[in-house]
Amino acid sequence: MFHISDCKKYTRCPRMYFYDLADENKEYHPFVRLDEKITNLAIEKLGISNYFLGKIGDSKEVAMQAMKKNEWLVKARFEYSSLRVKVPFLHKTNGGWDLYFLFSGIYPHANDMAFYNDTVWVLKQNGIFIDQIYIIHLNASYVRKKELDPHELFVISDSFYNNNNNPTQPIKEYIENTMHDISPLLKEMESAKLENLPTPIRTNKCTGKSKCKYYDKCFPYEDKMDANSILTLIAASEKYKMYEENICTLKQCDIQRIEGSRQQYAQIMADKNGGLFVDHLALKNWLSYIQYPIAFIDFEWERFAIPPYIGMKPYDVLPFEYALYVLQEDGTVSHKVYLNIHDDRRDMAENLIRDIPKNGSVIAYNADCAEKVRIEEFAQLFPDIKDQLLAINARMEDLQLPFVSGMVYDVRMRGAWSLKTIMNMMDDPGYHALDIRQGMDAVFQWRHLDYNDEVDAKEKEKIIEDLKKYCGMDSYAMTVVYHWLCGMNKGVV
């Protein structure tokens, strides 16, 4: 028996589907926190009091019988042709049944139709007439007060939204126009085996917004490629074709077949120069804006689908930690880590103002998309200290800029420019000695504290220590990278 998630994985990539089936160590950690039982909140929104509630293992006959006795069905299970679906809400009408999908995001777009189409297809194959189709989704403008209000939290829409987040295509009409018979797909899945699949072919599905976690299984040789391989060329659509033509290194690149970005230029010149490219004048100009004392700042935060605290909207962020290294002109350094559990936004903002020097530069990595945004959110939330917070942003520089702008490239970066990637090139143990090595790992550990106030004291102490070490390493790593940039430009006139 298959589920819609199986069909989606197989359609995207049969290999990914089979690798995922065999992955004994897979552990699902959602990137966005969803603490509340969203189905129960939606039940309040719909005003349902009496209903049939489906459960794991129900046969379709259970749901079909429930339809004869109940006005509302919640999480009912239906099956057809080896596909099993869970239907969020069905409501009996004079003409048939209204179907309500539950979307835990803000704006449902018509860009992931498998769940909608396949669910309706199964219902229709079971002879169920669908009168109208709605989607219950989170309200982007809802601001939480003391108590959560399900009636304001949700919006019930009969249309999908366009890229400007305005209602556009009617949901039922769009589903009916795009729905197709998936029986051939199900038969193919039943007979498919991993060992019979053809040699993997690289497509944009392999990388997309993020690289598939099984990418290295399909293309193991890339993990062993030389640091100056042409396959490290950033955003180059022709690089794999050139590689197949035995154009294997960056310096061999056919410049007539690349997009010509500054990053690509830096990569090619780095290989021609023996491994490192530096635009010394541009770097000197950027470094000239940095003034002592220099405060290196890094935040960690959690994102909540449903706002847990006053003043938050759906999908708002809750910062829970920052680490600060302050470098004086004489080389002395001071270090501070602030960590809270639950909601201490006001205290965090006030500590930030106290801890960061009143003059000099503030440096963060990817500042414009991270630390600056967090500080702006604090400023909106606490207008009485807004000016002090925005004054910090006014002095902030982004340490990522020299890399994303093509000022500096070292072939050891292998086409990436994350802080960890660059730090790994340094003669420094860096992140390797830490128990927490990734930002999302830090979030998962913090969740353990936030979920459970009665966590074992020793375990709590260990988690707090690990969180402080990890966030502190991010801010410390910035000082190492900054000194590296200064060193390569020493003596430039």
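Residues numbered from 1 in each chain as written. Predicted model: local features only at pLDDT ≥ 70, side-chain atom pairs only at ≥ 80, totals over all residues. Heavy atoms only, no water.

Draft legend 1. Quick look at the overall build of the protein chain. Each helix and strand in the protein chain was counted, giving 21 helices and 16 strands. Projected onto the principal axes, the alpha-carbon positions of the protein chain cover approximately 85 × 60 × 45 Å. Considering the protein chain as a whole, with its 493 residues, one finds that 48% of them fall into the buried category. A fraction of 66% describes how many contacts in the protein chain between residues 6 or more apart in sequence connect residues 24 or more apart. (Helix = DSSP H or I, 4+ residues; strand = E, 2+ residues; numbered from the N terminus. Buried < 20%, exposed > 50% of the residue type's maximum accessible area, 1.4 Å probe, protein only. Contact = heavy atoms within 4.5 Å.)

Draft legend 2. Inspection of the pattern of salt bridges at higher detail. In this structure the tally under the stated criterion is 17 salt bridges. Note that Lys 213 is salt-bridged to Asp 20, the shortest N-O span being 3.7 Å. One end of the pair, Lys 213, is in the loop between helix H9 (204-207) and helix H10 (215-218); the other, Asp 20, is in helix H2 (residues 14-22), and 193 residues separate them in sequence. Residue classification places Lys 213 among the exposed positions, given a relative accessible area of 59%. Taken together, the shared-partner salt bridges in this structure form one network comprising Glu 238, Lys 241, Glu 245 and Arg 257. (Salt bridge = Lys/Arg side-chain N within 4 Å of Asp/Glu carboxyl O.)

Draft legend 3. A look at the sheet that holds strand E15 (residues 396-398). Pairing is mixed in the open sheet, where five strands are placed in the order E13-E12-E11-E14-E15. The open sheet has two edge strands with one neighbour each: strand E13 (333-339) and E15. With strand direction ignored, the average angle separating the axes of adjacent strands in the sheet is 25°. In this structure, strand E11 (residues 294-303) lies alongside strand E14 (residues 362-364), joined through two bridges in parallel fashion. Across the sheet, Ala 295 pairs through a bridge with Val 362, a residue of E14. The sheet strands contacting helix H16 (residues 371-381) are E11, strand E12 (317-327), E14 and E15, and the helix crosses E11 at an angle near 75°. (Pairing = 2+ DSSP bridges. Axes fitted to C-alpha atoms, helices over the stretch in contact; angles between N-to-C directions.)

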